[in-house]
Amino acid sequence: AQSVTQLDSQVPVFEEAPVELRCNYSSSVSVYLFWYVQYPNQGLQLLLKYLSGSTLVKGINGFEAEFNKSQTSFHLRKPSVHISDTAEYFCAVSGTGGGADGLTFGKGTHLIIQP
Amino acid sequence: DAGVTQSPTHLIKTRGQQVTLRCSPKSGHDTVSWYQQALGQGPQFIFQYYEEEERQRGNFPDRFSGHQFPNYSSELNVNALLLGDSALYLCASSGRGTIYFGEGSWLTVV
């Protein structure tokens, strides 16, 4: 069984400031890791994913995340946020079944960008 | 190239009724998963279909059932609706390790 903990339910940040959204996971098997963004009244859009290889993963919209196996973390970062980044962000984990495993999501972090 | 499409986008049902939600996967994807997202929560995995069979199931009762057709499209059926079934139902299709989500179907049970 897997679980995901997103440590902050809400993160307020000023525009153009850096941000980090924290994610920790628990799993007894090897995992794939994902970050999704959800804008109001919309579905989920993939920001980035870690499958294997380099632990620093770059995604869309200037976001990046670092996989830390020893700390079982996959924190999301952006060096300078924009008003349009206001959204709900979800961290998710799956087994390495190549799409055969369902995703386990955290409860989400609401990123609030203040002008 | 159309992404994952879901229908209907919104619907209202009465307790005890049955509902069917539909999903067409992204072109080239043969695996469809369904998720339930209650208000203010993360999505929860319901089940996954591959080659017209249920391959994996989350912690949902038998009232939740599904089907996958030869063209890989899928249906989610929920019987004996409860107020607590009110949620956004998301369909995801996967292929080559990437998972894409549709916009979802908003179900309100009154």
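Look a little higher up for the structure.
Computed from a predicted model, the values in this text were never measured in an experiment. (Residues numbered from 1 in each chain as written. Chains lettered and ligands numbered in written order. Predicted model: local features only at pLDDT ≥ 70, side-chain atom pairs only at ≥ 80, totals over all residues. Heavy atoms only, no water.)

Once that is clear, we can look at the pattern of salt bridges. Residue and element names in this part refer to chain A. All chains considered together, the criterion is met by nine salt bridges over all chains. The shortest N-O distance in the salt bridge between D8 and R22 comes to 3.0 Å. Of the two residues, D8 sits in the loop between strand 1 (2-5) and strand 2 (10-14) while R22 sits in the loop between strand 3 (19-21) and strand 4 (24-27), which places them 14 residues apart along the sequence. The exposure class assigned to R22 is partly exposed, which follows from its relative accessible area of 32%. For the salt bridge of R77 with E66, the shortest nitrogen-to-oxygen distance reads 3.3 Å. (Salt bridge = Lys/Arg side-chain N within 4 Å of Asp/Glu carboxyl O. Helix = DSSP H or I, 4+ residues; strand = E, 2+ residues; numbered from the N terminus. Buried < 20%, exposed > 50% of the residue type's maximum accessible area, 1.4 Å probe, protein only.)

Before going further, it helps to spend a moment on the interface of chain A and chain B. Opposite the 19 residues of chain A that make contact, chain B presents 21 residues. Both faces considered, chain A and chain B share a buried interface measuring about 1,600 Å² in area, 52% of it formed by carbon and sulfur atoms. The tally of links from chain A across to chain B stands at zero salt bridges. For the pair chain A and chain B, the number of links is four residue pairs in polar contact (both at pLDDT 80 or more). Elements with a contribution of two residues or more to the side of chain A that touches chain B: strand 5 (31-38) and strand 6 (44-50) of chain A. (Contact = heavy atoms within 4.5 Å. Buried area = accessible area lost by both parts, 1.4 Å probe. Polar contact = N/O pair within 3.5 Å; in protein donor to acceptor, adjacent residues only side chain to side chain.)

Among the nonpolar cores identified, the biggest contains 28 residues, and W35, L48, L76 and Y89 of chain A are the most heavily contacted of them. Those elements that provide at least two residues to this core are strand 2, strand 3, strand 5, strand 6, strand 8 (64-68), strand 9 (73-78), strand 10 (87-95) and strand 12 (109-114) of chain A. (Core = buried A, V, L, I, M, F, W, Y, C linked by side-chain atoms within 4.5 Å.)

Scanning the entire structure with this criterion turns up two disulfides over all chains. Residue pairing for C23 of chain A: its cysteine sulfur links by disulfide to C91 of chain A, the two sulfurs lying 2.0 Å apart. Classification of the bridge connecting C23 of chain A and C91 of chain A rests on its S-S torsion, roughly -65 degrees, and on that basis the disulfide is left-handed. Linking C23 of chain A in the loop between strand 3 and strand 4 with C91 of chain A in strand 10, this pair joins segments that are 68 residues apart in sequence. When its relative accessible area of 0% is taken as the criterion, C91 of chain A is described as buried. One disulfide bridge connects C23 of chain B with C91 of chain B, the sulfur atoms lying 1.8 Å from each other. Residues C23 of chain B and C91 of chain B share a disulfide whose torsion about the S-S bond is about -65 degrees; that sign makes it left-handed. Residue C23 of chain B is located in strand 3 (residues 19-24), and its partner C91 of chain B is located in strand 9 (residues 87-95); the two are separated by 68 residues in the primary sequence. Across the pair, exposure class does not vary: C23 of chain B and C91 of chain B are buried alike. (Disulfide = S-S within 2.5 Å.)

This paragraph deals with unusual backbone geometry. Of all residues except glycine, most have a negative phi; of all peptide bonds, most are trans. In this chain, S7 of chain B is followed by P8 of chain B through a cis amide linkage whose omega measures -10 degrees. Structurally, P8 of chain B can be placed in the loop between strand 1 (5-7) and strand 2 (10-13). Phi is positive for N61 of chain A, close to 60 degrees, though the residue is something other than glycine. Non-glycine residue Y72 of chain B carries a positive phi angle of around 80 degrees. Relative to the helices and strands, Y72 of chain B is located in the loop between strand 7 (64-68) and strand 8 (74-78). Owing to a relative accessible area of 39%, Y72 of chain B belongs among the partly exposed residues under this scheme.

Bringing the pairing of strand 3 of chain B into the picture now. Residue and element names in this part refer to chain B. When strand 1 meets strand 3, the two strands line up antiparallel, connected through three bridges. Bridged to Q6 within strand 3 is C23. Pairing between strand 3 and strand 8: five bridges, direction antiparallel. Residue pairing in the sheet places L21 in a bridge with L76 of strand 8. (Pairing = 2+ DSSP bridges.)

Remember, this is a structural readout, not a statement about activity or role.
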